[in-house]
Amino acid sequence: MTALNEGWFTEVFQDQGTAFSLQVKRKLHEEQTPFQKLEIYETETFGNLMVLDGCVMLTSRDIFLYHEMMTHPALFTHRQPRKVVVIGGGDCGTLREVLRHPDVEEAWQIEIDERVTRASEKYFPELCEANDDPRANFFFGDGVQWIRDIEPDSVDVIIVDSTDPVGAAEGLFALDFYRDAMLALREGGIIVQQSESPLLHTDTIIRDIHTDMRKAGLTQVRTLPFPQPVYPTGWWSCTLGSKENPLMYFREEDADNRAFVTRYYNSGVHNGALAMPQFMVDALEDEVRPEEG
Ligand code: SAM
């Protein structure tokens, strides 16, 4: 539910009894795409704001937290990520972070709604600055189907940068999707799923992701929390599942010596995010195996 009153954009979380507001200067864009209602605002203090079906997707000011955490922990855990696929992620920011890794030879962005990418090119050009990289490939269509059809054993990392698990994105949080992703991944492959708020969703969405990833055959599963001021509760997470690749260890030296600039991610942040908060350990204790810490 959203409201726009006297220069404020407000997303109301009725079931939580909370709301999040940003003061806006003006609405820059509004359209009903074949998939969702897309709005862009210029805010007073958070840069530009993208909203899909009334839900805040990103602001120029804080989206680096999300894009960096969706990308670098997985890419510095994989031994040599050569082919990486982003499902969703139409704003192109995750793709940009993926392409910072010199090992990556080929990256794909599979976004169902081309209009999201076209609006990002116009209103968030900084997120799209790697779109012309010769390693970048774009397909506009359903990620569930795309992963089902891809050649087995052909991908090193799959990053599911999707909207909430409703509508078109529902199938990206399903057991069948993880089974297809498992087949698509090469040995040592990693899948990353945006996994909503630790405070709100540990007992529901996050638990289900752990259960389903394990049922699909991903032997290690780990949820990494990180701050995200504009999402419900201001606290978000990504969940990594791997095919026989220990998630508690990463290429720390490579992360320390990375030849590109980050604003949030570094090896200390990575180590800190691996230490799951106690209430999550307790809630997921049947899922988190002792050898995984
Ligand atoms: N950071 C955001 C968040 O966590 O709310 C996600 C941003 S990104 C814009 C999410 C994208 O996922 C949207 O552009 C949406 O169109 C896309 N998407 C949803 N379902 C999809 C599907 N089945 N296949 C491909 N893309 C999908």
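Residues numbered from 1 in each chain as written. Predicted model: local features only at pLDDT ≥ 70, side-chain atom pairs only at ≥ 80, totals over all residues. Heavy atoms only, no water.

**So, the UniProt feature "active site" (unreviewed entry) in the protein chain**
Point 1. Those places that UniProt annotates as "active site" (unreviewed entry) correspond, in this numbering, to D161.
Point 2. Topologically, D161 is positioned in strand β10 (residues 155-161).
Point 3. Sequence-distant contacts of D161, that is, excluding residues within four places in its chain, are made with Y66, H67, M70, V86, I87, G88, G89 and T94. (UniProt positions renumbered as here; feature names shortened; annotations may be inferred. Helix = DSSP H or I, 4+ residues; strand = E, 2+ residues; numbered from the N terminus. Contact = heavy atoms within 4.5 Å.)

**A short note on the domain arrangement of the protein chain**
Point 1. Domain annotation of the protein chain identifies domain 1 (2-59) and domain 2 (63-292).
Point 2. The gap between the C-alpha centroids of domain 1 and domain 2 is 24 Å.
Point 3. Summed over both sides, the interface between domain 1 and domain 2 buries roughly 1800 Å², with carbon and sulfur atoms accounting for 71% of that surface.
Point 4. The tally of links from domain 1 across to domain 2 stands at 1 salt bridge.
Point 5. A salt bridge links R115 to E31, with the shortest nitrogen-to-oxygen separation between them at 3.0 Å.
Point 6. Inspection of the region where domain 1 meets domain 2 yields 7 residue pairs in polar contact (both at pLDDT 80 or more). (Domains from an automatic or database assignment. Buried area = accessible area lost by both parts, 1.4 Å probe. Salt bridge = Lys/Arg side-chain N within 4 Å of Asp/Glu carboxyl O. Polar contact = N/O pair within 3.5 Å; in protein donor to acceptor, adjacent residues only side chain to side chain.)

**Let's talk about the packing of aromatic side chains**
Point 1. Per the stated rule, a full pass over the model turns up 9 aromatic pairs.
Point 2. Through successive ring pairs, a cluster of aromatic residues spans Y66, F226, Y231 and W236.
Point 3. Its guanidinium or amino end placed over the ring of F46, R61 lies 4.6 Å from that ring's centre, counting from NZ or CZ. (Phe/Tyr/Trp six-rings, centres within 6.5 Å; stacked < 30°, edge-to-face > 60°. Lys NZ or Arg CZ within 6 Å of the ring centre and 35° of its normal.)

**A look at the nonpolar core**
Point 1. Counting residues in each nonpolar core, the largest one holds 54 residues, and the members touching the most others are M50, L75, V98, I159, V192 and L240.
Point 2. In terms of domain composition, this core takes at least three residues from each of domain 1 (2-59) and domain 2 (63-292).
Point 3. Other than its neighbours up to four places away in sequence, V192 contacts M70, A74, V157, I158, I159, V160, C238, T239 and L240.
Point 4. Ranked by size, the runner-up nonpolar core spans 27 residues in total, among them W146, I191, M213 and L218. (Core = buried A, V, L, I, M, F, W, Y, C linked by side-chain atoms within 4.5 Å. Buried < 20%, exposed > 50% of the residue type's maximum accessible area, 1.4 Å probe, protein only.)

**Comments concerning the sheet that holds strand β13 (residues 235-242)**
Point 1. The strand order across the open sheet formed by 7 strands is β9-β8-β7-β10-β11-β13-β12, and the pairing between neighbours is mixed. Sheet topology places β9 (136-140) and β12 (220-227) at the edges, where each strand pairs with a single neighbour. Across the sheet, the mean angle from the axis of one strand to that of its neighbour is 15°, orientation sign disregarded.
Point 2. As paired strands, strand β8 (residues 106-111) and β9 are joined by 5 bridges and run parallel to one another. Opposite I110, over in β9, you have F139 as the bridge partner.
Point 3. Each of β7 (83-88), β10, β11 (185-194), β12 and β13 is contacted by helix α1 (residues 63-75), which is oriented at about 160° to β10, the strand it contacts most.
Point 4. Across the sheet, helix α5 (residues 175-184) is in contact with β10 and β11; its angle to β11 comes to roughly 145°. (Pairing = 2+ DSSP bridges. Axes fitted to C-alpha atoms, helices over the stretch in contact; angles between N-to-C directions.)

**Side note on the side chain of Q220**
Point 1. Mapped onto the secondary structure, Q220 falls in strand β12.
Point 2. A polar atom in the side chain of Q220 sits 3.2 Å from the backbone nitrogen of L247.

**A look at the site of the ligand**
Point 1. Taken together, 23 residues sit near the ligand, with E111, D142, G143, A168 and Y231 positioned nearest.
Point 2. At 2.6 Å from an oxygen atom of the ligand is found a side-chain nitrogen or oxygen belonging to E111.
Point 3. Note that a nitrogen atom of the ligand is positioned 3.5 Å from one of the backbone N or O atoms of A169.
Point 4. Contact with the protein chains covers 99% of the free accessible surface of the ligand, which is 600 Å².
Point 5. Taken together, the residues that form the shell around the ligand break down as 10 nonpolar, 8 polar and 5 charged.
Point 6. Looking at the shell around the ligand, you find at least three residues from each of domain 1 (2-59) and domain 2 (63-292). (Near = heavy atom within 4 Å. Areas by Shrake-Rupley, 256 points an atom, 1.4 Å probe, with all protein chains shown as cover. Nonpolar A, V, L, I, M, F, W, Y, C, P; charged D, E, K, R; others polar.)

**A short note on the environment of L22**
Point 1. Mapped onto the elements of the fold, L22 is located in strand β3 (residues 18-32).
Point 2. C-alpha of L22 to C-alpha of Q193: the two residues are 171 residues apart in sequence and 27 Å apart in space.
Point 3. Not counting residues within four places of it along the chain, the set of residues in contact with L22 comprises G7, W8, F9, T43, F46, L49 and T59.

**Some thoughts on the UniProt feature "binding site: spermidine" (unreviewed entry) in the protein chain**
Point 1. Under the UniProt annotation, the feature "binding site: spermidine" (unreviewed entry) is placed at H67, D91, D161, S162, T163 and D164. Of the residues named above, D91, D161, S162, T163 and D164 line the largest pocket.
Point 2. Along the polypeptide, T163 turns up in the loop between β10 and α5.
Point 3. Look at T163 and you get partly exposed, because its relative accessible area is 26%.
Point 4. Each residue touching T163, except ones within four places of it in the same chain, is listed here: L52, M57, A169, F173 and Q194.
Point 5. Structurally, D164 can be placed in the loop between β10 and α5.
Point 6. When residues no more than four places from it in sequence are discounted, the contact partners of D164 are C55, A169, F173, Q194, E196 and W236. (1 Å grid on protein atoms, 1.4 Å probe; cavity = no way out; pocket = protein on both sides within 12 Å on 5 of 7 lines; lining within 4 Å.)

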